[in-house]
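Overview (structure and organization)
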Amino acid sequence: QVQLVESGGGLVQPGGSLRLSCAASGSIVSINTMGWYRQAPGKERELVATITSGGSTNYADSVKGRFTISRDNAKNAVYLQMNSLEPEDTAVYYCTANARLRATWGRRDYWGQGTQVTVSS
């Protein structure tokens, strides 16, 4: 199966920046959409940003203008540059990929383990 390994989370002050990385590995034939979701304690998991293999992006209204999603198709990696961070951005951030695997039929969604982002002074 696909393994999604995330890195880059941590503690940052309001107004600061972090860059999250996620690399997919496994018997991957192709990956369509990759993205980031986040979940704060006691709240529903919400979409942050997605990006297709062709580079089309979508962002949650709450992060538009502050976050930028990008990917490296050759490396099966997706990144999230987070600028002007606010306390409301504090959450566990999850990487996701919609992938087709070798010896399987169709595509399915895969999820990373999550990485903690804490924005606090």
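Residues numbered from 1 in each chain as written. Predicted model: local features only at pLDDT ≥ 70, side-chain atom pairs only at ≥ 80, totals over all residues. Heavy atoms only, no water.

1. A few points about the environment of Val 117
Here Val 117 lies in strand 11 (residues 115-119). Under the relative-accessibility criterion, Val 117 is labelled buried at 0%. Distance from Val 117 to Phe 67, taken between C-alpha atoms, is 14 Å for residues 50 residues apart in sequence. Not counting chain neighbours up to four residues away, the residues in contact with Val 117 comprise Gly 9, Gly 10, Leu 18, Leu 20, Met 82, Asp 89, Thr 90, Ala 91 and Tyr 93. (Helix = DSSP H or I, 4+ residues; strand = E, 2+ residues; numbered from the N terminus. Buried < 20%, exposed > 50% of the residue type's maximum accessible area, 1.4 Å probe, protein only. Contact = heavy atoms within 4.5 Å.)

2. Considerations on the sheet that holds strand 1 (residues 3-7)
By definition, the strands of a sheet pair up through backbone hydrogen bonds, in either a parallel or an antiparallel sense. Strand order in the open sheet formed by four strands is 1-3-8-7, with antiparallel pairing between adjacent strands. The two strands at the open ends of the sheet, each matched to only one other strand, are strand 1 and strand 7 (67-72). With direction set aside, neighbouring strand axes in the sheet form an average angle of 15 degrees. Bridge count between strand 7 and strand 8 (residues 77-82): six bridges; the pairing is antiparallel. Following the sheet pairing, Arg 71 is matched in strand 8 by Val 78. (Pairing = 2+ DSSP bridges. Axes fitted to C-alpha atoms, helices over the stretch in contact; angles between N-to-C directions.)

3. Side note on the pairing of strand 3 (residues 18-25)
When a strand is regular, its side chains alternate between the sheet's two faces. Of the two faces of strand 3, the one lined by Leu 18, Leu 20, Cys 22 and Ala 24 is fully buried and the one lined by Arg 19, Ser 21, Ala 23 and Ser 25 carries no buried residue. Examined bridge by bridge, strand 1 and strand 3 share five bridges and lie antiparallel to one another. Bridging across to strand 3, Ser 7 finds its partner in Ser 21. Sheet topology places strand 3 next to strand 8; six bridges connect them, and they run antiparallel. In the strand pairing of strand 8, Ala 23 is matched with Ala 77.

4. What about the pattern of salt bridges?
On inspection of all chains with the given rule, the structure shows four salt bridges. Here Asp 89 ties to Arg 38 by a salt bridge, and the two come within 2.9 Å at their closest N and O atoms. Here the residue Asp 89 occupies a position in the loop between strand 8 and strand 9 (91-101), and Arg 38 occupies one in strand 4 (residues 28-39), the gap between them amounting to 51 residues. The partner of Asp 61 in a salt bridge is Lys 64, with the nearest N and O atoms 3.2 Å apart. Taken together, the salt bridges that share partners define one network made up of Arg 38, Glu 46, Arg 66 and Asp 89. (Salt bridge = Lys/Arg side-chain N within 4 Å of Asp/Glu carboxyl O.)

5. Brief notes about the state of the cysteines
This structure, assessed with the given rule, holds one disulfide. Across a sulfur-sulfur distance of 2.1 Å, Cys 22 and Cys 95 are joined as a disulfide pair. In this structure the cystine formed by Cys 22 and Cys 95 twists about its S-S bond by roughly -80 degrees; its chirality is therefore left-handed. With Cys 22 in strand 3 and Cys 95 in strand 9, this pair connects stretches of sequence that are 73 residues apart. (Disulfide = S-S within 2.5 Å.)

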